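Residue-level structural notes
Here is how the chains run, residue by residue.
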Amino acid sequence: MTRSPQSRRGGRVRRTSRAGAVVASMSLLALTACAGGDEGTPTLSWYTNPDAGGQAAIAASCTEAADGAYRIETVSLPREAASQREQLARRLAAKDASIDLMSLDPPYIPELAEAGFLAPIPEDKVEVFSEGVLEGALAGASWRDELVTAPFWANTQLLWYRVSVAEEAGLDLESGAVTWEQLIEAATEQDKLLAVQGAKAESFMVWVNALVASAGGQIVTDPAADSETLQLGLDSEAGRAAAEIVGRIGSEGLGGPGMATADENANLSTFQSDSGSFMVNWPFVWPATVSAVEGGTLEEPLLDDIGWALYPRVTEDAEPAPPLGGINLGVGAFSEHTDLAYEALECIVAPENQVEYFISDGNPPSNEAAYDDPQLAEEFPMAETIRESLELAVPRPQTPYYNELSIGLQETWYPASSVDPETTPVEATDKILSVLRGEALL
């Protein structure tokens with residue numbers, strides 16, 4: 001799987017021009033927000049996760065398209081998803097009317113929905129926000145079988161591989177049927193490293209959840225249950241299969257000496273090195289690698305030695321369950337402009353805006369129609385694999401107690417080298433349920 005250097009460089013030129021457009025749009029937005037002649041125009045505050053400016057550019061574009069009906073101002077949230085959740089939850093608990101629009105990480109949506117912090121989506125908008133949305137993204141935007149947020153962009157992890165390593169191992173990764181066992185054997189035989197997220201962070205929870213789901217299980221078996229009756233599926237065949245993979249990679253040193261602190265960026269560095277073989281990671285790794293090659297910090301041949309495929313399988317006869325990430329958009333329950341906010345959301349999530357956001361910020365669309373745009377294939381030659389992965393993607397456990405669940409799992413499954421399939425799933429289950437029932441603290 002090789003690509004011509006010319007096509008890669010052509011895409012980077014366009015990205016640079018769009019970066020200028022983003023800056024210009026942000027400036028326009030600031031001028032619009034500060035203008036004194038629009039005092040009668042309702043202002044919608046959109047609380048956004050930090051990005052490269054793409055959301056601000058969309059806000060400016062939709063403000064212009066509204067033709068005076070409303071204007072959108074963006075307000076940046078903290079960088080960490082958990083901190084974003086904490087800030088929004090506290091303000092919404094105080095019935096903050098200034099929160100009109102919110103960019104939300106999918107795992108925290110059930111908590112906000114269950115608390116009544118999200119304004120219900122009008123019936124005539126449910127179809128608008130659902131039509132053409134990829135299956136994984138739709139699942140991550142819903143709670144209790146109802147759409148409660150508008151899918152915006154939907155991320156997923158791919159299996160990235162060094163073509164030379166895969167060929168040496170005789171693996172046909174383009175078929176999408178490779179297993180973790182095969183990757184472990186190939187890396188071991190060639191004395192290479194596997195790039196997996198082993199840091200005690202949310203990225204570790206993402207990995208474990210994908211393994212459990214790929215083995216046919218669920219970490220939470222009854223997502224809508226309360227804290228007293230909630231049941232976990234870790235102490236199961238699927239949970240033990242996931243623990244076997246994590247523990248083996250950790251104890252055999254296949255993740256490298258820095259695995260205990262390895263996040264997505266550290267994994268990319270490992271993968272790009274001479275020790276690199278296979279990596280599970282988000283699509284940002286491609287533009288980051290292209291940029292490094294163009295900047296002269298990496299050699300050009302590296303790009304031709306990088307391939308991509310669907311997430312690895314736990315067993316040969318079961319489909320993979322790639323991680324689902326991304327951002328969905330919610331409307332604050334206490335906003336004074338909920339009708340206008342949903343009109344604004346319809347503009348923000350339009351497929352053409354999703355295309356531009358993917359190109360400017362590297363965040364994949366949630367709507368299948370966006371993948372028909374020829375620009376995407378030029379900028380991201382793995383766009384079709386991303387689309388296919390999003391059809392298979394599985395959200396992290398959807399429960400109002402996700403924060404406790406994630407932290408509890410990280411504490412009991414970390415470090416990877418200590419994970420034992422016979423004991424770790426049981427210990428994690430006991431720890432998490434004790435916390436939820438008020439018998440222990442995190």
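Going by the structure above, here's the rest.
These remarks concern the structure in this document. All values reported here derive from a predicted model rather than from experimental measurement. (Residues numbered from 1 in each chain as written. Predicted model: local features only at pLDDT ≥ 70, side-chain atom pairs only at ≥ 80, totals over all residues. Heavy atoms only, no water.)

**A word on the nonpolar core**
Counting 52 residues, the largest nonpolar core has L173, W180, W207, I249, F278 and W413 as the members making the most contacts within it. Secondary-structure elements contributing two or more residues to this core are strand 7 (158-162), helix 7 (163-169), helix 8 (180-189), helix 9 (202-214), helix 10 (237-251), strand 9 (276-281), helix 18 (402-413) and helix 19 (424-436). Considering every element that reaches this core, the biggest residue donor is helix 9, with seven residues. Look past the residues within four positions of W180 in its chain and what remains in contact with it is V196, W207, L211, I245, I249, V280, Y311, P312, R313 and V314. Listed in part, the 33 residues of the second largest apolar core include A195, F271, L376 and A393. (Core = buried A, V, L, I, M, F, W, Y, C linked by side-chain atoms within 4.5 Å. Buried < 20%, exposed > 50% of the residue type's maximum accessible area, 1.4 Å probe, protein only. Helix = DSSP H or I, 4+ residues; strand = E, 2+ residues; numbered from the N terminus. Contact = heavy atoms within 4.5 Å.)

**Describing the sheet that holds strand 9**
Taken together, four strands build an open sheet; the order of strands is 8-9-7-10 and the sheet is mixed. Each end of this open sheet is capped by a strand with a single partner; those strands are strand 8 (193-195) and strand 10 (306-309). Here the average twist between neighbouring strands, direction ignored, is 20°. Direction of pairing for strand 8 relative to strand 9: parallel, over a ladder of three bridges. Within strand 9, the residue paired with A195 across the bridge is M279. Where helix 8 meets the sheet, it contacts strand 7, strand 8 and strand 9, and its direction lies at approximately 150° from that of strand 9. (Pairing = 2+ DSSP bridges. Axes fitted to C-alpha atoms, helices over the stretch in contact; angles between N-to-C directions.)

**Quick look at the packing of aromatic side chains**
Per the stated rule, a full pass over the model turns up 13 aromatic pairs. Plain terms: the ring middles of F152 and Y357 are 5.2 Å apart, the flat faces sit at 20° to each other, and that makes the pair stacked. Of the two residues, F152 is situated in strand 6 (residues 150-153) and Y357 in helix 15 (residues 351-361); the sequence distance between them amounts to 205 residues. Assessed through its relative accessible area of 0%, F152 is described here as buried. For the ring pair W160 and W308, a centre distance of 6.2 Å and an interplane angle of 65° mean the geometry is edge-to-face. One end of the pair, W160, is in strand 7; the other, W308, is in strand 10, with 148 residues separating them in the sequence. Residue classification places W308 among the buried positions, given a relative accessible area of 4%. (Phe/Tyr/Trp six-rings, centres within 6.5 Å; stacked < 30°, edge-to-face > 60°.)

**Digging into empty space enclosed by the protein**
Enumeration according to the criterion identifies two cavities of 30 Å³ or more in this entry. Looking at the largest cavity, its volume works out to about 50 Å³. Lining the largest cavity are L77, A81, Q84, R85, L88, S103, L104, D105, Y108 and L112. Where the lining of the largest cavity is concerned, the elements lending two or more residues are helix 3 (81-93) and strand 3 (101-104). Top element by residues in the lining of the largest cavity is helix 3. It accounts for four residues. In terms of residue class, the lining of the largest cavity is built from six nonpolar, two polar and two charged. Here the second largest cavity is characterised by a volume of approximately 40 Å³. For the lining of the second largest cavity, the secondary structure elements donating two or more residues are helix 8, strand 8 and strand 9. Considering each element in turn, the lining of the second largest cavity owes the most residues, three residues, to strand 9. Here the lining of the second largest cavity is built from residues that sort into ten nonpolar, no polar and no charged. (1 Å grid on protein atoms, 1.4 Å probe; cavity = no way out; pocket = protein on both sides within 12 Å on 5 of 7 lines; lining within 4 Å. Points joined across faces, edges and corners; volume = space filled by probe spheres on them. Nonpolar A, V, L, I, M, F, W, Y, C, P; charged D, E, K, R; others polar.)

These figures capture arrangement, not role.
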